[in-house]
Amino acid sequence: MKICVLIKQVCSEDSSLVLNDDKLSLDKDALNLVTNEPDIYALEEALQLKEKTNGEVVVCTFGPESSRQVIKDALAKGADRGAFISNENNNLTPLFIAKQIADKIKNENFNLILSGLQSNDNGFSQIGLLVAELLNTSHASLVM
């Protein structure tokens with residue numbers, strides 16, 4: 001079984017919010033960035049399925065360069081490969097993001113797409129479902 005886990009980097013709940021000099025935007029360097037907690041559950045489930053089916057787990061993230069860290073963390077936990085889609089723009093629709101991800105992974109022929117319930121920042125709860133629909137494959141979210 002070939003499984004894709006959508007995983008996102010978000011600010012930790014204990015991050016200090018420091019304003020830039022313009023007093024309108026956040027100082028991104030002051031944020032403590034971590035893997036989105038619901039996505040960690042999806043990764044753990046994928047790793048358990050991998051053991052049972054002798055499968056492969058590929059994690060995929062969409063975001064700024066710093067997001068590569070969530071791939072490294074997932075690889076350390078047992079994921080086989082990672083796919084990074086670079087994006088610095090924060091004001092994107094779930095459908096746009098899903099199309100970008102689907103385009104990147106379409107040739108992988110995944111049997112299953114797993115995602116957490118929602119991200120702790122935007123909370124769209126749609127991207128995993130949209131990616132699976134665009135790829136015409138199975139999906140599970142709210143993985144616990």
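Residues numbered from 1 in each chain as written. Predicted model: local features only at pLDDT ≥ 70, side-chain atom pairs only at ≥ 80, totals over all residues. Heavy atoms only, no water.

The next subject is the packing of aromatic side chains. All chains considered together, the criterion is met by zero aromatic pairs. One residue, lysine 2, lies across the ring of phenylalanine 110, its end atom 5.5 Å from the ring centre. (Phe/Tyr/Trp six-rings, centres within 6.5 Å; stacked < 30°, edge-to-face > 60°. Lys NZ or Arg CZ within 6 Å of the ring centre and 35° of its normal.)

A cluster of nonpolar residues, Leu17, Leu19 and Leu26, forms a patch on the protein surface that exposes about 290 Å² of accessible area. Relative to the helices and strands, leucine 19 is located in the loop between strand 2 (9-11) and strand 3 (33-35). (Patch = residues over 30% accessible without salt bridge, like charges linked within 9 Å, V, L, I, M, F, W, Y side chains within 5 Å. Areas by Shrake-Rupley, 256 points an atom, 1.4 Å probe, with all protein chains shown as cover. Salt bridge = Lys/Arg side-chain N within 4 Å of Asp/Glu carboxyl O. Helix = DSSP H or I, 4+ residues; strand = E, 2+ residues; numbered from the N terminus.)

On to the packing of helix 3 (residues 94-105) against helix 4 (residues 127-135), then. Closest axis-to-axis distance for the helix 3/helix 4 pair is 8 Å, and the angle between their directions is 50°. Classed by the angle they form, the pair helix 3 and helix 4 counts as oblique. Note that helix 3 runs across helix 4; the crossing there is right-handed. Residues Pro94, Leu95, Ile97, Ala98, Lys99, Ile101, Ala102 and Ile105 of helix 3 form the contact with helix 4, whose participating residues are Ile127, Leu130, Val131, Leu134 and Leu135. Tallied by class, the residues present in the contact of helix 3 with helix 4 amount to twelve nonpolar, no polar and one charged. (Axes fitted to C-alpha atoms, helices over the stretch in contact; angles between N-to-C directions. Parallel < 35°, antiparallel > 145°, perpendicular 65-115°, else oblique. Left-handed = near helix turned anticlockwise from the far one by under 90°. Contact = heavy atoms within 4.5 Å. Nonpolar A, V, L, I, M, F, W, Y, C, P; charged D, E, K, R; others polar.)

In this section: the side chain of serine 67. Along the chain, serine 67 turns up in the loop between strand 4 (56-63) and helix 2 (68-77). Given the relative accessible area of 2%, serine 67 is considered buried. Non-local contacts of serine 67, meaning those with residues more than four positions away in its chain, are made with Gln9, Thr61 and Phe84. (Buried < 20%, exposed > 50% of the residue type's maximum accessible area, 1.4 Å probe, protein only.)

As for its placement among the helices and strands, glutamine 9 is situated in strand 2. At 2.7 Å, the side chain of glutamine 9 and the side chain of serine 66 are in polar contact. A distance of 3.3 Å separates a polar side-chain atom of glutamine 9 from the backbone nitrogen of serine 67. Every residue in contact with glutamine 9, bar those within four places of it in the chain, is listed here: Leu33, Val34, Thr61, Ser66, Ser67, Gln69, Val70 and Asp121. (Polar contact = N/O pair within 3.5 Å; in protein donor to acceptor, adjacent residues only side chain to side chain.)

Next up on the list: the pattern of salt bridges. By the definition in use, this model includes six salt bridges. Of the charged contacts, one joins lysine 2 and glutamate 108 as a salt bridge, the two residues approaching to 2.8 Å between their closest N and O atoms. Remark: glutamate 108 occurs in the loop between helix 3 and strand 6 (112-114) and lysine 2 occurs in strand 1 (residues 2-6); sequence separation between them is 106 residues. Classification of glutamate 108 by relative accessible area gives partly exposed; the value is 22%. The shortest N-O distance in the salt bridge between aspartate 80 and lysine 50 comes to 2.9 Å. Of this pair, aspartate 80 sits in the loop between helix 2 and strand 5 (81-86) while lysine 50 is found in helix 1 (residues 37-53), placing the two residues 30 residues apart along the sequence. A network of salt bridges, in which partner residues are shared, links Lys2, Glu56, Arg81 and Glu108.

One recurring pattern in soluble globular proteins: nonpolar side chains tend to sit buried together. Judged by nonpolar contacts, the single largest core of 17 residues is most densely connected at Leu6, Cys60, Ile101, Ile105, Ile113 and Val131. If you list the elements that add at least two residues to this core, you get strand 1, strand 4, strand 5, helix 3 and helix 4. If you tally residues by element for this core, the top one is helix 3, at four residues. Residue contacts for isoleucine 113: discarding those within four places in its chain leaves Cys4, Leu6, Ile105, Gly128, Val131, Ala132, Leu135, Thr137, Ser138, His139 and Ala140. With 16 residues, the next largest nonpolar core counts Val5, Val59, Ile71 and Ala74 among its residues. (Core = buried A, V, L, I, M, F, W, Y, C linked by side-chain atoms within 4.5 Å.)

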